[in-house]
Amino acid sequence: MTSRRDFLRTAGFAVGGAVAGTPSTPLQAAETLTDYASHTSDGRDVTVTSTGGQRIRITAYGGCIVRVRYARAGETFFADDRYEMVDPAAHAGMGGSLSVQESSDALTISTAPDAGIRVVLRKNPLRISFYRKGDGTLLAGEDATHSMSWDGENNSIVRQTFVPPPSSERFVKAGHGFMGRAPRVDRTGDIVAHNYGVAANRSEQSPAIVQLYLSSRGYAIFVNSTFDTSFNFGNGGVYEFWSDDHNTAGVRPQMDYFVIKGPQFAKLLDRYTQLTGRPRFPGLAIFGLQMSDKNFPTVSDQNWWVDKITELRDKGFPLDLQVHDNRWRAGSGGWNGSWFEFDAQRWPDPAGFKRWADENGIITSLDYNRNNSSLMAGWRPGPPPGYSFQPADIARVSENESVPDWSNPATRAWVWDVFWTKALNPALGFPGDALWLDEPDELGPIPFDAVAANGQRWSELRNAYFLYLLKATGQEGWDARIGPGRRPWIFSRGATAGQQRYGHLWTGDTQSTYGEMQQQIRGMLNAGLGGFPYANVDGGGHNGNPIPPDMYRNWVAAWGALSPIWRPHGYGDALVLGQRASRWPTDQPAAESDDFLRYSRLRYTLLPYLYTIAHAAHATGMPMARAMVVDHQYNAMAYAHDQQYMWGPSVLVMPVTTGTDGATQRVWLPAGETWYDFWTDAKNVGSDSAEKAYVTRPGEIIMYVRSGAILPRYRYAQSTAFVDKTHLELDVYTGKDGAFSLYEDDGVSEEHRTAAARGVTDLAYTDSTRTVVVDHPVGTYRDAPAERRYVVRYHGLSGPIGMQVLDQPPLPAFTSETAAILAGRGQSWDATRRILSVVTPSIGVRTGGTVAATVKPSGQPFPAVTGPAVYGAEEATLSGVVIGSRHRGYTGYGYTDYTTATGDYIEWTVDVAVAGTHTLTFRYANGGNASRPLAITVDGVTAAAAQPFPPTSGWATWTTTSLTTSLPAGAVRIRATATGASGGNIDCLSVQPG
């Protein structure tokens, strides 16, 4: 007997995420459009009727998008709301108009703008072609033998076939196959299908079903159908796409697609996300580090989380999002047998934890597993009035007692009611800031002809299944009940086009191999091309523990930190497999832990840049991690280099996907630019004919910055809740003029949707005069800084030059950037890294966009260097002392916080050039009511038995205390030891002769 799976393969259906071949020979002759009979127009729609009664309708959506629909004789066009991939508001809201010119052999139908689209519909027989209106360039079109048709058994397939493309045309398919995998970004010559799976096992997880593709010729096509859809981009000389209902009873698919004109890929993505909905903008905390308890499935309870987070923070690591896997849930606390509700034993006081989390800058995501639905409050089995399908239709589904039908509004209301009453109602005071929706992608065995609550067959509903779930939780749940005061973060395993309006996706239970890592890089890029710029992966892969040390460093740490969402997560009990199976950096050996901290500092300091490109993704559809083809769609090199990407407009990133120390990866640096090696500042001239050979080592991701770039940075903080926006750093890469518009908002609410409730600060650099201009922001937001200090770092200079701020006197020079900050203003030259740092005084912030600061050469030589050598406390040797960043105003990467034990100490090793008397100055904060003295020793000899550290009136109020002592030349150990219950918070030590 032929198996169902074999039948799907021979029918050309996507098994395993790609089509095995073209559809089989139809069982009846294909029907195509006959000759023109008549047409009508209402200014936006043009409807043409053939002599056979078939109809084609062309509709304007704005000036650069046209929708094309076909109906057989006797059919009516589907209603606009049949599919919700297109934002319902876009059908009327995008407007547009069409003009029609008729000749004896054709209708010429045009959108209004000069740069719009011209559609030519030839009459006999009816055949369609699409052109750029401005210059008449053909985009795609039919001829007598290539056209739209109805074929397959009982006309179960609708097919649009165009004339084969020119050999130079390249195609990029948005979305990705199962588990986020993509064999390449360039799909020219391929047959591609991204549809819901059919397998009864877990091999077909997490497709991103986005029936959109982009052409290098400057147009995109989006197929508006949730029937299984496939694309042929030139395989066998064929250029076509088709939708298939697998010969199920009832409604047949209709050909319905949008032609979008760019010509730039950026414009195509902007217009596509205008049509289907802008990606939902997450809060600032979502772009911080996210860690889960997956590797501790038998011990992770409320106390474990408090201890684990405290351990992480005490060692200087960041954390923003606590990711719950299963154990928080009532019942078994496992994957099965537990349900969406805090367990009374493992989580006795969720509200108490929430208060602790708020104080410590932690937000929480809660997971829902589809397979446990029947255990949740109020579940009703069966079809309406139940929340599921007919029992016979789900008989072969795993955990078939729990198969929600998300097309049913009652089912959607039920699941949100559980989420609300068990966790998310603010009146409960429970943690719950995000939702993780797991395993809605394992219903492949449902028969295609099963009928859903909305009346559609499974053949039509399945590709919309993810979207309906996200609609339930995003629009109908979160927005309706929680409202605009708090932004949601909702992600599911799998996605449907349009879902980005409500939430996002991750790529499922991936493998821990470098081959998988390469696939996930491409999947990230393809998701971004399809409206999902915040898609994320299990950092390090899900299945494969413990992973090798090099993979932890290359994937969990390096690529994770330079991905849109950083969420290390993997399967395996660390208590059984050993600590290395844990994804937590505090469980790793020194090399892995050190790399994780290094990339933590990189990501968190780059938050203003990262958050700006994240907002651009929301506002315009531009991916955060954008495939090289986005900026270079006409360049063949871009299509050949899909293991690298642009991280925003300025930074090129290529993850290291080998564990071999000294292996070579070949990176493409586009021509027309000078590229700085991010790690060394070495300059490289871009080329479109040659690649750069990059010798890799474990833990080093390949990064380049283009000349003219301005990278804004904050000081490092261990939570986005602790970020100090009164201090803004600007890394300027000289060699070319540059500009950047920094985006900021309150990071929490939906107020950002109003232009007046966000701040945009324009930054500009003029290379010929070495001048940086910082404007005051346009707009403001809750808790915006009232004043700001700017630190401008010039990269690529041959030597130091004297600088000034505005028209003030020339700035003094100091031993280091930190010394200049402590002095209130100044400049410093790092001869090793060849970076000139300029520190402005604090400047009052006012809105309106006028100039806040101008940093420029003073016309005088770089002055003589003065000031102390400064050593950060967080970089010293610590014993019983932890690192903190909650209280703002520190320098460097944080401050140190003494615990309650006498004998805890901080020990610096300082370099003393000349022996003699020196002043030691400690910068500290003491928010207590009494002095907290410390014993100060020099190379073990007491310099002060009880150096006073008096109260400073607050933990964010910093001052200094000093002592004078004799220091020998060379490396000298200076130790500050607690002599009572606790010391103050220590920021840094300054050492100055005299």
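Here the structure is shown first, and the text comes after it.
Definitions and cut-offs
Residues numbered from 1 in each chain as written. Predicted model: local features only at pLDDT ≥ 70, side-chain atom pairs only at ≥ 80, totals over all residues. Heavy atoms only, no water. Core = buried A, V, L, I, M, F, W, Y, C linked by side-chain atoms within 4.5 Å. Buried < 20%, exposed > 50% of the residue type's maximum accessible area, 1.4 Å probe, protein only. Contact = heavy atoms within 4.5 Å. Patch = residues over 30% accessible without salt bridge, like charges linked within 9 Å, V, L, I, M, F, W, Y side chains within 5 Å. Areas by Shrake-Rupley, 256 points an atom, 1.4 Å probe, with all protein chains shown as cover. Salt bridge = Lys/Arg side-chain N within 4 Å of Asp/Glu carboxyl O. Helix = DSSP H or I, 4+ residues; strand = E, 2+ residues; numbered from the N terminus. Pairing = 2+ DSSP bridges. Axes fitted to C-alpha atoms, helices over the stretch in contact; angles between N-to-C directions. 1 Å grid on protein atoms, 1.4 Å probe; cavity = no way out; pocket = protein on both sides within 12 Å on 5 of 7 lines; lining within 4 Å. Points joined across faces, edges and corners; volume = space filled by probe spheres on them. Nonpolar A, V, L, I, M, F, W, Y, C, P; charged D, E, K, R; others polar. Phe/Tyr/Trp six-rings, centres within 6.5 Å; stacked < 30°, edge-to-face > 60°.

## A closer look at the nonpolar core
- By size, the foremost hydrophobic cluster in this structure holds 205 residues, and its most contacted members are Phe 287, Phe 340, Phe 419, Trp 647 and Tyr 794.
- Residues contacting Phe 287, with those up to four places away along its chain left out, are Phe 281, Pro 282, Tyr 534, Pro 564, Ile 565, Arg 603, Leu 607, Leu 610, Tyr 611, Ala 614 and Met 624.
- Membership of the second largest hydrophobic core comes to 38 residues, among which are Leu 126, Val 223, Phe 231 and Met 255.

## Details of a nonpolar patch on the surface
- On the surface, a nonpolar cluster with roughly 300 Å² of combined accessible area is contributed by Leu 575, Val 576 and Leu 577.
- Examined against the element boundaries, Val 576 turns out to sit in helix 11 (residues 574-577).

## Quick word on the sheet that holds strand 62 (residues 970-978)
- Across the sheet, five strands lie side by side as 54-57-62-59-60; this open sheet has antiparallel pairing. Among the strands making up the open sheet, the edge pair consists of strand 54 (877-879) and strand 60 (941-947). Between one strand axis and the next, the sheet turns by 20 degrees as a mean value, whatever way the strands run.

## Re the sheet that holds strand 9 (residues 106-111)
- What the five strands build is an open sheet, ordered 8-9-10-11-12; its pairing is antiparallel. Pairing within the sheet leaves two strands with one partner each, and these edge strands are strand 8 (98-102) and strand 12 (138-141). Neighbour-to-neighbour, the strand axes of the sheet open up by a mean angle of 20 degrees, direction not taken into account.
- Where strand 8 meets strand 9, five bridges bridge the pair, whose relative direction is antiparallel. Looking at the pairing, Glu 102 lines up with Leu 107 of strand 9.

## Observations concerning the pattern of salt bridges
- Scanning the entire structure with this criterion turns up 64 salt bridges.
- Salt-bridge contacts for Asp 509 lead to Arg 493; the nearest nitrogen and oxygen are separated by 3.5 Å. One end of the pair, Asp 509, is in the loop between strand 31 (504-506) and helix 9 (514-529); the other, Arg 493, is in strand 29 (residues 490-493), with 16 residues separating them in the sequence.
- Overall, Asp 509 belongs to the buried group, its relative accessible area being 16%.
- Residue classification places Arg 493 among the buried residues on the basis of a relative accessible area of 0%.
- Notably, a salt bridge pairs Glu 751 with Arg 782, separated by 3.2 Å at the nearest N-O pair. A residue pair is termed long-range when its members are at least 10 positions apart, and Glu 751 in the loop between strand 42 (738-744) and strand 43 (759-766) and Arg 782 in the loop between strand 44 (771-775) and strand 45 (787-795) qualify at 31 residues.
- According to the relative accessible area criterion, Glu 751 is partly exposed, its value standing at 35%.
- One network of salt bridges, in which partners are shared, links Arg 202, Arg 370, Asp 438, Asp 441, Glu 442, Arg 493 and Asp 509.

## A few points about empty space enclosed by the protein
- As enumerated under the stated definition, the model contains seven cavities of 30 Å³ or more in all.
- Lining the largest cavity are Arg 82, Tyr 83, Glu 84, Met 85, Thr 226, Gln 456, Ala 464, Leu 467, Tyr 468 and Thr 496.
- Looking at the lining of the largest cavity residue by residue, the classes come out as five nonpolar, three polar and two charged.
- In this structure, the second largest cavity occupies an estimated 40 Å³ of space.
- Taken together, Ala 561, Leu 562, Leu 602, Arg 603, Leu 606, Tyr 609, Leu 610 and Trp 647 form the lining of the second largest cavity.
- For the lining of the second largest cavity, the secondary-structure elements that each account for two or more residues are helix 12 (590-605) and helix 13 (607-620).

## Some words on the packing of aromatic side chains
- Applying the stated criterion to the full structure yields 70 aromatic pairs.
- Ring centres 6.1 Å apart and planes at 70 degrees place the aromatic pair Phe 287 and Tyr 611 in the edge-to-face group. Here the residue Phe 287 occupies a position in the loop between helix 3 (265-276) and strand 23 (290-292), and Tyr 611 occupies one in helix 13, the gap between them amounting to 324 residues. Summarising the burial analysis for this pair, Phe 287 and Tyr 611 share the class buried.
- Seen from their ring centres, Trp 328 and Phe 340 are 5.0 Å apart, and the 90 degrees between their planes marks the pair as edge-to-face. Residue Trp 328 is found in the loop between strand 24 (321-323) and strand 25 (329-331), and its partner Phe 340 is found in strand 26 (residues 338-342); the two are separated by twelve residues along the sequence.

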